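Fold and contact review
So you can see what is in the structure, the chains are spelled out below.
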Amino acid sequence: MGIIPARGGSKGIPHKNLAICGGKPLVDWTIDAANQATSITTAVLSSDSEDILSRASGKVQGLLRPNQFATDSASQEDVIDHVLENTSMPDDGIIVLLQPTSPLRKAAHIDEAVEMLTISGAHSVVSVVPSHALLWHGETFEPDALYPVYKRPNRQQMRLQWEENGAIYAFTLASWLTYHNRIGKRRILYAMSDEHRLQVDGLHELAWA
């Protein structure tokens, strides 16, 4: 079962999920990918917006989301719970969370991630892209580096690290019922190429997409 969480409001871009991206509403890219993925037999488009729900087609069915699950503080886990409580449980025991902010994700990526989950026996699969970022954390005054400052590594010396790109979270129903989280205890990474890093949160990312 696919789950597409697409609320009507957005801080970065007004009505972001209906903003035109590459000639069609942003949410349509994810709806189309879900419809084209052979590993998804049914999908739910969860939204508080009737305009967004009207975009549902094919294997993707709309489900009206209560207002309390459409706020900035509501989590994706809240949305998943609401979907599972109001639809039939997936026959194959697999749930795939597909956020509309990843329009560059293709049906083939979804199928590969689901196959990885099935073959590996993992609780969950998380899509990632390679990262060579040198990160800091804390306040801007006297922050802490997350790398050895006096032995600054170059790109070739850096340990392999990955960044979630938000495109695909695949997990088993059993894992969800146990951990109540999209990422289970036994997890595996689905590596996508760097060109799939993009997540549309602001106008500049929408233009780039």
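Residues numbered from 1 in each chain as written. Predicted model: local features only at pLDDT ≥ 70, side-chain atom pairs only at ≥ 80, totals over all residues. Heavy atoms only, no water.

For the rest of this paragraph, the subject is the sheet that holds strand β5 (residues 60-64). One open sheet accounts for 7 strands, arranged β5-β4-β1-β6-β10-β7-β11; its pairing is mixed. Only two strands of the sheet have a single neighbouring strand rather than two, namely β5 and β11 (187-191). The sheet shows a mean angle of 25 degrees between the axes of neighbouring strands, taken without regard to direction. Relative to strand β10 (residues 162-172), strand β6 (residues 94-97) runs antiparallel, the two sharing 4 bridges. The residue of β10 that forms the bridge with Leu97 is Tyr169. (Pairing = 2+ DSSP bridges. Helix = DSSP H or I, 4+ residues; strand = E, 2+ residues; numbered from the N terminus. Axes fitted to C-alpha atoms, helices over the stretch in contact; angles between N-to-C directions.)

Moving on, we come to helix α1 (residues 26-36). Considered for burial, the residues of α1 that qualify are Leu26, Val27, Asp28, Thr30, Ile31, Ala33 and Ala34. The elements touched by buried residues of α1 are β1 (2-5), β2 (20-21), β3 (24-25), β4 (43-47), β5 and α4 (107-120). (Buried < 20%, exposed > 50% of the residue type's maximum accessible area, 1.4 Å probe, protein only. Contact = heavy atoms within 4.5 Å.)

Take the pairing of β4 next. Among the 5 residues of β4, 5 are classified as buried, and the element is accordingly described as predominantly covered. Alternating positions in β4 separate into two faces, Ala43, Leu45 and Ser47 on one and Val44 and Ser46 on the other, with burial throughout. Bridge analysis of β1 against β4 gives 4 bridges, and the strand direction is parallel. Across the sheet, residue Gly2 finds its bridge partner in β4, namely Ala43. Direction of pairing for β4 relative to β5: parallel, over a ladder of 5 bridges. Each bridged residue has a counterpart across the sheet, and for Leu45 the counterpart in β5 is Gly62.

Burial along β1 is two-sided: the face carrying Gly2 and Ile4 and the face carrying Ile3 and Pro5 are both buried. The sheet contact formed by β1 and β6 spans 2 bridges and is parallel. The residue of β6 that forms the bridge with Ile3 is Leu97.

Right, let's get into the side chain of His109. By secondary structure assignment, the location of His109 is in helix α4. Judged by its relative accessible area of 13%, His109 falls in the buried class. Residues within four places of His109 in sequence aside, it is in contact with Leu104, Ile168, Tyr190, Met192 and His196.

Our focus in this paragraph is the confidence of the model for the chain. Chain-level pLDDT for the chain is 91 on average; 100% of the residues reach the 70-or-more range. Confidence scores differ between elements of the chain, with strand β9 (residues 144-145) showing the lowest mean pLDDT of 86 and α1 the highest of 97. (pLDDT = per-residue confidence, 0-100.)

Glancing now at a nonpolar patch on the surface. Residues Trp136, Val149 and Tyr150 make up a contiguous nonpolar surface patch of about 410 Å² in total accessible area. Mapped onto the fold, Trp136 is located in strand β8 (residues 136-137). Judged by relative accessible area, which is 46%, Trp136 ranks as partly exposed. (Patch = residues over 30% accessible without salt bridge, like charges linked within 9 Å, V, L, I, M, F, W, Y side chains within 5 Å. Areas by Shrake-Rupley, 256 points an atom, 1.4 Å probe, with all protein chains shown as cover. Salt bridge = Lys/Arg side-chain N within 4 Å of Asp/Glu carboxyl O.)

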